[in-house]
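Notes for the structure review
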Amino acid sequence: MGNYISFMQESHPWGAPKFSVESDVPDLEGKVAIVTGSNTGVGKELVKVGYIPSISLSFSVIRKVHPGHHNHIYQFGADLYMAFQCSAWTKVLLQHNAKVYLAARNPDKAKAAIEDLRAQTGKDAIYLKIDLADLQSVKAAAEEFVRGVMLCPVEQVTADGYDLQFGTNALGPFYFTKLLLPTLIATAQATPEKHVRILNTSSVTHYMGTLDFATFKDGATRRKARSGTLYAQSKFADLVMSLELARRYGDQGIVSIAHNPGNLDTDLTRHMNPITRFFFRMILFPTKHGLINQLWGATSEEGADFNGKYLAPWTRIRSPKPEALDPVLGRQLWEYLEEQVENL
């Protein structure tokens with residue numbers, strides 16, 4: 001019952017947010033941002049304004065990093081659930097003078113988004129090719145830099161044979177984060193703020209999620225599962241991963257924040273049948289609302305104290321599903337993810 005009440009409260013938030021995208025985002029001059037999935041939706045808006053997922057690309061991830069030749073870097077990662085938001089992120093970031101890497105899978109769409117953002121902001125984003133459903137692509141993107149699909153058909157898997165939603169929303173973002181951790185930690189130690197921020201995008205559906213390790217990779221057990229169950233699992237995994245990241249690296253300047261961007265009206269519902277989609281959209285909010293928690297956690301002064309926190313719509317700190325707080329489960333998931341990428 002407690003999870004159901006929390007689900008309903010976050011689906012229908014009340015009261016005005018404590019953070020304004022229009023007036024509270026500071027100047028980001030000298031900051032560098034990586035925004036995944038930023039060729040459409042919220043991510044594109046974010047880059048435009050100068051306003052991170054992730055990556056659980058379910059990912060909104062924000063990281064402030066220092067890869068040597070850069071000054072400060074905010075990385076905004078977005079998962080399948082956040083892909084629609086990345087474009088909005090990108091727009092906000094550009095408008096507030098950040099240097100932005102637009103990380104996306106499709107170069108043609110990315111080029112079109114960059115041109116559109118240039119027309120709207122007068123500034124250019126930089127294309128970084130990445131496919132979170134392909135771990136080799138994730139590795140290549142991280143190496144290049146340093147020198148959310150929702151309810152998709154169950155039969156869809158990643159290039160490495162993982163469930164598409166788990167692979168794109170959890171495993172891919174984890175690997176990208178892992179590859180950039182040395183840079184992130186070095187940045188935390190080298191900058192006056194003494195921290196970097198990572199925002200991992202979860203969802204209200206995490207209240208319905210569990211971790212069934214037998215469904216992470218393709219097989220008979222996974223193919224028997226419902227698409228909605230696998231999506232909820234991937235968003236629950238995002239949250240568990242974010243909290244474990246906070247436990248492991250909080251003392252090294254990593255501020256790991258999980259957030260629910262809200263129930264937003266995007267094209268992520270494209271895999272639903274028309275009738276379900278019609279009724280589902282009745283409880284959705286405009287896409288721009290998805291920027292609020294991301295920017296609040298990423299840019300506000302109080303956000304420096306949000307390590308290990310869960311942000312609910314909008315600008316509220318809430319307790320997530322109790323099972324997500326279990327350090328044993330966090331360790332088990334982390335070790336599983338480590339094993340999947342150790343030989344890449």
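First, a word on scope: everything that follows refers to the structure included in this document. (Residues numbered from 1 in each chain as written. Predicted model: local features only at pLDDT ≥ 70, side-chain atom pairs only at ≥ 80, totals over all residues. Heavy atoms only, no water.)

Along its length, the chain carries eleven helices and nine strands. Split into buried and exposed, the 344 residues of the chain put 58% on the buried side. For the chain, the computed accessible surface area is about 13400 Å², with 52% contributed by carbon and sulfur atoms. (Helix = DSSP H or I, 4+ residues; strand = E, 2+ residues; numbered from the N terminus. Buried < 20%, exposed > 50% of the residue type's maximum accessible area, 1.4 Å probe, protein only. Areas by Shrake-Rupley, 256 points an atom, 1.4 Å probe, with all protein chains shown as cover.)

Once that is clear, we can look at the nonpolar core. In terms of nonpolar packing, the biggest core is built from 48 residues, with I34, F166, F176, I254, L333 and L337 touching the most fellow members. At eleven residues, helix α6 (residues 164-190) tops the list of elements feeding residues into this core. Once you skip the residues sitting within four places of it in the chain, I254 turns out to touch L181, L184, I185, V196, I198, L245, Y249 and N307. V92, V100, L117 and I257 belong to the second largest nonpolar core, which has 30 residues in total. (Core = buried A, V, L, I, M, F, W, Y, C linked by side-chain atoms within 4.5 Å. Contact = heavy atoms within 4.5 Å.)

What follows deals with the packing of aromatic side chains. In total, this model carries eight aromatic pairs according to the counting rule given. For the pair F216 and Y336, a centre-to-centre distance of 5.1 Å together with 65 degrees between the ring planes defines the contact as edge-to-face. A residue pair is termed long-range when its members are at least 10 positions apart, and F216 in the loop between β6 (196-201) and α7 (220-224) and Y336 in helix α11 (residues 327-341) qualify at 120 residues. Accessibility expressed as a relative area gives 13% for Y336, which makes it buried. Between the aromatic rings of Y249 and W334, the centroid separation amounts to 6.3 Å while the plane-to-plane angle is 45 degrees, which identifies the pairing as tilted. Of this pair, Y249 sits in helix α8 (residues 227-249) while W334 is found in helix α11, placing the two residues 85 residues apart along the sequence. Within the aromatic cluster, the residues linked to one another by ring pairs are F166, F213, F216 and Y336. A cation over an aromatic ring shows up here: K217 above the ring of Y162, its NZ or CZ 4.7 Å from the ring centre. (Phe/Tyr/Trp six-rings, centres within 6.5 Å; stacked < 30°, edge-to-face > 60°. Lys NZ or Arg CZ within 6 Å of the ring centre and 35° of its normal.)

So, on to unusual backbone geometry. Non-glycine residue K194 carries a positive phi angle of around 60 degrees. Looking at the secondary structure, you find K194 in the loop between α6 and β6.

Contact geometry for α6 and α8: axes closest at 8 Å, N-to-C directions at 15 degrees. By the angle between their axes, α6 is roughly parallel relative to α8. Where α6 crosses over α8, the handedness of that crossing is right-handed. Contacts between α6 and α8 involve Q165, F166, N169, A170, F174, T177, L181 and I185 on the former and, on the latter, S227, L230, Y231, S234, K235, A237, D238, M241, L245 and Y249. Of the residues contributing to the contact of α6 with α8, the split by class is eleven nonpolar, five polar and two charged. (Axes fitted to C-alpha atoms, helices over the stretch in contact; angles between N-to-C directions. Parallel < 35°, antiparallel > 145°, perpendicular 65-115°, else oblique. Left-handed = near helix turned anticlockwise from the far one by under 90°. Nonpolar A, V, L, I, M, F, W, Y, C, P; charged D, E, K, R; others polar.)

Next up on the list: the side chain of N169. Relative to the assigned elements, N169 resides in helix α6. Separated by 3.0 Å, the side chains of N169 and S234 make a polar contact. (Polar contact = N/O pair within 3.5 Å; in protein donor to acceptor, adjacent residues only side chain to side chain.)

So, about empty space enclosed by the protein. Quantified by volume, the largest cavity comes out at close to 40 Å³. Lining of the largest cavity is provided by P173, F174, T177, N200, M241, S242, L245 and W334. Of all elements in the fold, only α6 and α8 reach the threshold of two or more residues within the lining of the largest cavity. Of the residues in the lining of the largest cavity, the class split is five nonpolar, three polar and no charged. (1 Å grid on protein atoms, 1.4 Å probe; cavity = no way out; pocket = protein on both sides within 12 Å on 5 of 7 lines; lining within 4 Å. Points joined across faces, edges and corners; volume = space filled by probe spheres on them.)

Before going further, it helps to examine the pattern of salt bridges. One pass over the full model with this rule turns up nine salt bridges. Linking D163 and R222 is a salt bridge whose minimum nitrogen-to-oxygen distance equals 2.7 Å. Taken as a pair, D163 in the loop between α5 (135-146) and α6 and R222 in helix α7 lie far apart in primary sequence, 59 residues in all. Its relative accessible area of 0% is what places R222 among the buried residues. Measuring nitrogen to oxygen at the nearest pair gives 2.7 Å for the salt bridge that ties R248 to E244. Here R248 and its partner E244 are both found in helix α8, four residues apart, which amounts to about one turn of the helix. (Salt bridge = Lys/Arg side-chain N within 4 Å of Asp/Glu carboxyl O.)

It is worth stressing that arrangement in space is one thing and function is another; only the former is reported here.
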